[in-house]
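Below, each chain spelled out in residue letters.
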Amino acid sequence: MKRSNASSQQLDAMYALALKDDHLKLVELHEKFKNFRVPNPDDRPDLVYKHAFGFFVSEYLRDLKVLDEKSDIDSIFLQGRRLLECVITFKYIQKHDLFEQVVGFCEWDRKEYLEGQKARVKADLVLFPVLQGIIGFYKEQELRELQKKYPKPCKLPAMCKMAKDVNLAEEYIYFYKLTSKILHFCPFSLNNEHPYENIVHRRVFLLRIDRYFKELIKELSNLFQFLSQIDS
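Residues numbered from 1 in each chain as written. Predicted model: local features only at pLDDT ≥ 70, side-chain atom pairs only at ≥ 80, totals over all residues. Heavy atoms only, no water.

Time to look at the packing of aromatic side chains. As enumerated under the stated definition, the model contains 11 aromatic pairs in all. Considering the side-chain rings of F53 and F99, the 5.3 Å spacing of their centres and the 75 degrees angle between planes classify their relative orientation as edge-to-face. Of this pair, F53 sits in helix α2 (residues 45–62) while F99 is found in the loop between α3 (73–96) and α4 (102–127), placing the two residues 46 residues apart along the sequence. In this structure F99 comes out as buried when scored by relative accessible area, which is 2%. Over the aromatic face of W108 sits the side chain of K111, whose NZ or CZ is 4.1 Å from the ring centroid. (Phe/Tyr/Trp six-rings, centres within 6.5 Å; stacked < 30°, edge-to-face > 60°. Helix = DSSP H or I, 4+ residues; strand = E, 2+ residues; numbered from the N terminus. Buried < 20%, exposed > 50% of the residue type's maximum accessible area, 1.4 Å probe, protein only. Lys NZ or Arg CZ within 6 Å of the ring centre and 35° of its normal.)

Take the packing of α2 against α3 next. Any two packed helices are characterised by the angle at which their axes cross and by the distance between the axes. For the pair α2 and α3, the least separation of the axes is 12 Å and the interaxial angle reads 170 degrees. Of the possible angle classes, the one that applies to α2 and α3 is roughly antiparallel. Counted together, F53, V57, Y60 and L61 of α2 and R82, L83, C86, F90 and I93 of α3 form the full contact between these two elements. Looking at side-chain class alone, the contact of α2 with α3 contains 8 nonpolar, no polar and 1 charged residues. (Axes fitted to C-alpha atoms, helices over the stretch in contact; angles between N-to-C directions. Parallel < 35°, antiparallel > 145°, perpendicular 65-115°, else oblique. Contact = heavy atoms within 4.5 Å. Nonpolar A, V, L, I, M, F, W, Y, C, P; charged D, E, K, R; others polar.)

Another point: the side chain of D22. Relative to the helices and strands, D22 is located in helix α1 (residues 2–35). When near neighbours in sequence (up to four residues on either side) are disregarded, D22 contacts D210, F213, K214 and I217.

On to the layout of surface pockets, then. Here the largest pocket defines a volume of roughly 890 Å³. The wall of the largest pocket is formed by 27 residues, among which T89, V102, C106, D109 and L156 lie closest to the centre. Elements that contribute at least two residues to the lining of the largest pocket include exactly α2, α3, α4 and α6 (159–165). Taken as a whole, the second largest pocket holds about 190 Å³ of empty space. Every residue along the wall of the second largest pocket is listed here: L84, V87, K91, L168, E171, R208, R211, Y212 and E215. Counting only elements with at least two residues in the lining of the second largest pocket, the list comes to α3 and α8 (199–228). Ranked by the residues each element gives to the lining of the second largest pocket, the list is headed by α8, at 4 residues. A per-class count over the lining of the second largest pocket returns 4 nonpolar, no polar and 5 charged. (1 Å grid on protein atoms, 1.4 Å probe; cavity = no way out; pocket = protein on both sides within 12 Å on 5 of 7 lines; lining within 4 Å. Points joined across faces, edges and corners; volume = space filled by probe spheres on them.)

Structure below.
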């Protein structure tokens, strides 16, 4: 039993060190993208879009909270799912060279976000009248402009389809089905078969988080290397 406990502690320490190292590498990568300048940008808009994608993805990853075995299970599950979806999306955009369409994808998601904020106004009237007058994030003019600009969907395929396309279907199915049953209330919640806070969940997902980070670091490094080799 002592050997088992010692091994578990060593494993936990390994995760903590690995995730800290991942974060440091992402900080360095983001600085590289931040300081990089695309040569003759007017002549190479394709490189501008690739550079912008690398910059914002590295910034997003850099700003994620550094987790360890003591982090709450909700944070571990949420970050793991976000990172897997980031890996899938990055690989899909890279494979199909969709960098120039990313702005459209972002604006479409922004439109849907604002539509959600608009729905909050009506929801508050029904369920939370005390919140009336509290400043929200809904911007009517911006929403109208985006709805006019995008009368038809401008978005990536469903995550499950992208996962299949980049050979991550099994990983996504596992992650999606498991986390959906654990994170969301559903009939499974009444079973109480697998304790939500079990250390096994933490270790399995922390290992995956480290793997996802390393995969994204590799993809970002390759993208930066490609950009840095372009002649001015």
